[in-house]
Amino acid sequence: MSRPKIAILGAGYGGIMTAARLQKEMGTNEVEVTLVNKHDYHYQTTWLHEPAAGTMHHDKTRIMINDVIDTNKIKFVKDTVVEVKPDEKRVILSKGELVYDYLVLALGFEPATFGIKGLKENAFSIRSVNSVRKIREHIEYQFASYNNESERRDDLLTIIVGGAGFTGIEFVGELAERVPELCKEFDIPRDRVKIINVEASPTVLPGFDEELVEYAMNLLERKGVEFRTNTMIKEVTEDGVILGEDEEVKSATVVWTGGVQGNSIVANSGFETNRGRVPVRKDQRTPDYDNVFVVGDCALLINEEINRPYPPTAQVAIQAAGTVSKNLLSLVRGNELESFTPDIKGTVASLGKGEAIGKVGNKKLYGSTASAMKKIIDNRYLFMLGGPGLVWKKGKLKLF
Ligand code: FAD
Ligand code: NAD
């Protein structure tokens with residue numbers, strides 16, 4: 001008798017943790033599991049602001065899939081998902097197709113552009129290893145060009161970061177570390193360089209603890225970051241950005257960190273979505289398909305205490321993977337499915353080397369303590385995925 005086929009699409013936090021859990025929990029010859037991912041590596045999305053600024057090599061964020069998944073137990077297919085046909089239980093890949101009995105959609109996020117003119121064409125985004133390598137190299141090229149231009153071009157040294165949510169703040173924190181190094185390397189006075197973080201809301205990190213926000217802003221301003229709050233990016237052009245009142249700021253580097261949505265493959269495959277995210281049932285299945293689960297940033301989960309969606313985070317994706325792997329096996333075994341409720345431990349955001357802010361439970365963390373906590377969180381994930389060996393190989397071992 002053929003074994004039930006489980007296909008997991010995407011090896012980000014949600015997908016790879018679902019695969020790792022299944023690998024441990026499934027019986028011998030009980031199910032046939034296939035993991036599909038664009039690359040043969042998993043990457044740490046939560047670290048991408050660092051290689052984007054050039055403060056970390058991008059290879060540090062990469063983990064080879066066959067280092068953490070036993071490919072004798074879980075079949076790995078390196079390919080790009082093009083479309084899912086849920087009524088036919090088929091997945092169209094760029095180089096073939098896959099049939100399944102049970103499916104896990106774990107294709108992650110993409111930048112939300114909100115229809116802003118020129119954004120897609122002219123702005124960079126912090127999305128993948130390839131996208132951040134491009135940002136780092138682009139910035140280096142602008143610095144390298146500056147002293148070779150016949151006239152002074154300040155736009156080459158003006159970096160606009162659009163959106164001051166956690167991604168924007170973490171990125172400007174790294175840029176503030178990197179810019180002095182670049183200035184030294186390319187013979188450029190530091191005061192010629194501008195890092196401008198534009199935020200539509202009245203404050204950066206809207207909704208986060210006010211005291212911690214103030215700490216972050218003061219620290220980053222001291223390091224040369226300029227904040228433009230209450231200011232909307234209306235358009236991105238080849239020359240820079242157009243802000244709220246039609247003010248033009250010339251810049252050769254615009255990085256968009258203004259928000260995310262679920263991978264558009266999900267909506268394009270006909271699943272019900274809200275900003276690209278599937279409003280999942282309590283057991284993480286889609287509203288319409290009993291054999292399709294969604295995990296990570298493609299899933300929309302409502303926090304019933306405040307009647308608002310949980311923010312899409314790695315923390316939630318990792319936890320949800322535990323429920324999804326259990327529920328997949330329960331479906332196969334004919335058992336009851338369990339409900340998922342995220343257990344939010346807190347939020348910690350880095351602000352460059354040795355600096356961070358965070359709230360863990362009711363406790364506020366600042367400076368080096370928060371920074372060490374962030375590294376502990378990162379190392380804990382590596383431990384869950386690949387044990388002490390992976391922490392040793394890829395972890396952030398210097399806490400202070
Ligand atoms: P992803 O991590 O986006 O992974 C999706 C996977 O699917 C990738 O491997 C991708 O290559 C693959 N894929 C995509 N499309 C295809 C396709 N068509 N075919 C095949 N494969 C495909 N959250 C936190 O909890 N804590 C943090 O500190 C934190 N920091 C962050 C810092 C930054 C700079 C950013 C950008 C985000 C941060 N987040 C953080 C949010 C967190 O990274 C996301 O919520 C998380 O990555 C979502 O996990 P996921 O598994 O849904 O998707
Ligand atoms: P976000 O949606 O949280 O923040 C985007 C910001 O851009 C918002 O403050 C918004 O007001 C602003 N914005 C939107 N349109 C704009 C415009 N036209 N002009 C100027 N500003 C504009 O997105 P994000 O920061 O990419 O975060 C995505 C998810 O990842 C969130 O759930 C976040 O919590 C998570 N994340 C967590 C961490 C962490 O825990 N350390 C780090 C990064 C991201």
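Predicted, not measured: the structure shown is a model, and the values here were computed from it.

Taken domain by domain, the chain comprises domain 1 (5–38 + 79–111 + 260–343) and domain 2 (114–258 + 345–400). Between the C-alpha centres of domain 1 and domain 2 there is a distance of 30 Å. In this complex, domain 1 contributes 14 residues to the contact, which on the side of domain 2 involves 10 residues. Of the roughly 1000 Å² buried between domain 1 and domain 2, counting both surfaces, carbon and sulfur atoms make up 59%. Together, Met17, Phe109 and Pro111 form the three largest contributors to the area buried by domain 1 at its contact with domain 2, with a combined 38%. Our count for the domain 1 to domain 2 interface comes out at 1 salt bridge. Here Lys345 and Asp343 are joined by a salt bridge, their closest N and O atoms 2.6 Å apart. Going through the elements one at a time, helix 1 (13–25), strand 10 (109–111) and helix 9 (314–333) are the ones with two or more residues in the side of domain 1 that touches domain 2.

The next point concerns the packing of aromatic side chains. In total, this model carries 6 aromatic pairs according to the counting rule given. A centroid spacing of 6.3 Å and a plane angle of 55 degrees characterise the contact between Tyr41 and Tyr43, whose relative ring orientation is tilted. Neither residue differs from the other here; Tyr41 and Tyr43 are each classed as buried. Arranged with centres 5.0 Å apart and planes meeting at 70 degrees, the rings of Tyr215 and Tyr366 form a pair that is edge-to-face.

Taken together, 26 residues surround ligand 2, and among them Thr167, Glu199, Ile233, Pro312 and Val348 come closest. Taking Thr167, its side chain carries an N or O atom lying 3.0 Å from an oxygen atom of ligand 2. Here an oxygen atom of ligand 2 and a side-chain polar atom of Glu199 are 2.5 Å apart. Bound to the protein, ligand 2 loses 79% of the 840 Å² it would expose on its own. Broken down by secondary-structure element, the contributors of at least two residues to the shell around ligand 2 are helix 6 (166–185) and strand 25 (346–350). Tallied by class, residues from the shell around ligand 2 come to 13 nonpolar, 10 polar and 3 charged. Composition of the shell around ligand 2 by domain shows at least three residues from each of domain 1 (5–38 + 79–111 + 260–343) and domain 2 (114–258 + 345–400).

The next point concerns the sheet that holds strand 25. Within the open sheet, the 3 strands sit side by side as 25-26-27. Their pairing is antiparallel. Of all the strands in the sheet, just strand 25 and strand 27 (363–366) have a single pairing partner and so form its edges. Averaged over all pairs of adjacent strands, the angle between strand axes in this sheet comes to 10 degrees, irrespective of strand direction. Two strands pair when backbone bridges link them, and strand 26 (residues 356–360) and strand 27 are joined in this way by 4 bridges, in the antiparallel orientation. Each bridged residue has a counterpart across the sheet, and for Ile357 the counterpart in strand 27 is Tyr366.

Ordered in space as 5-2-1-9-21, the 5 strands form an open sheet in which the pairing is parallel. Unpaired on one side and paired on the other, strand 5 (74–78) and strand 21 (292–294) mark the two borders of the sheet. Within the sheet, the average angular offset between the axes of one strand and its neighbour, ignoring direction, is 20 degrees. The pairing of strand 2 (residues 32–37) with strand 5 spans 5 bridges and is classified as parallel. Residue pairing for strand 5: Thr34 is matched across the bridge by Lys75. Strand contacts of helix 1: strand 1 (5–9), strand 2, strand 5 and strand 9 (102–105), with the helix running at about 150 degrees to strand 1, the strand carrying the most contacts.

Let's shift gears to the site of ligand 1. What surrounds ligand 1 is a group of 31 residues, the closest being Gly14, Val81, Asp297, Gln315 and Lys374. Arg127 is positioned with one of its side-chain polar atoms (N or O) 3.3 Å from an oxygen atom of ligand 1. Residue Asn263 places a side-chain N or O atom 3.2 Å away from a nitrogen atom belonging to ligand 1. In the complex, the protein chains occlude 91% of the 1000 Å² of accessible area that ligand 1 would expose alone.

It is worth spelling out the nonpolar core at this point. Membership of the largest hydrophobic core comes to 65 residues, with the highest contact counts inside it found for Leu9, Ile16, Val81, Leu103, Leu105 and Leu385. Here the element with the most residues in this core is helix 9; it accounts for 9 residues. Taken together, domain 1 (5–38 + 79–111 + 260–343) and domain 2 (114–258 + 345–400) each give at least three residues to this core, which thus spans both. Ignoring anything within four residues of it in the chain, the contact list for Leu105 reads Leu9, Val84, Val266, Phe271, Val292, Phe293, Val294 and Val295. Core analysis: the second largest hydrophobic core is formed by 45 residues, Ile159, Ala164, Cys183 and Leu351 among them.

What counts and what doesn't
Residues numbered from 1 in each chain as written. Chains lettered and ligands numbered in written order. Predicted model: local features only at pLDDT ≥ 70, side-chain atom pairs only at ≥ 80, totals over all residues. Heavy atoms only, no water. Domains from an automatic or database assignment. Contact = heavy atoms within 4.5 Å. Buried area = accessible area lost by both parts, 1.4 Å probe. Salt bridge = Lys/Arg side-chain N within 4 Å of Asp/Glu carboxyl O. Helix = DSSP H or I, 4+ residues; strand = E, 2+ residues; numbered from the N terminus. Phe/Tyr/Trp six-rings, centres within 6.5 Å; stacked < 30°, edge-to-face > 60°. Buried < 20%, exposed > 50% of the residue type's maximum accessible area, 1.4 Å probe, protein only. Near = heavy atom within 4 Å. Polar contact = N/O pair within 3.5 Å; in protein donor to acceptor, adjacent residues only side chain to side chain. Areas by Shrake-Rupley, 256 points an atom, 1.4 Å probe, with all protein chains shown as cover. Nonpolar A, V, L, I, M, F, W, Y, C, P; charged D, E, K, R; others polar. Pairing = 2+ DSSP bridges. Axes fitted to C-alpha atoms, helices over the stretch in contact; angles between N-to-C directions. Core = buried A, V, L, I, M, F, W, Y, C linked by side-chain atoms within 4.5 Å.

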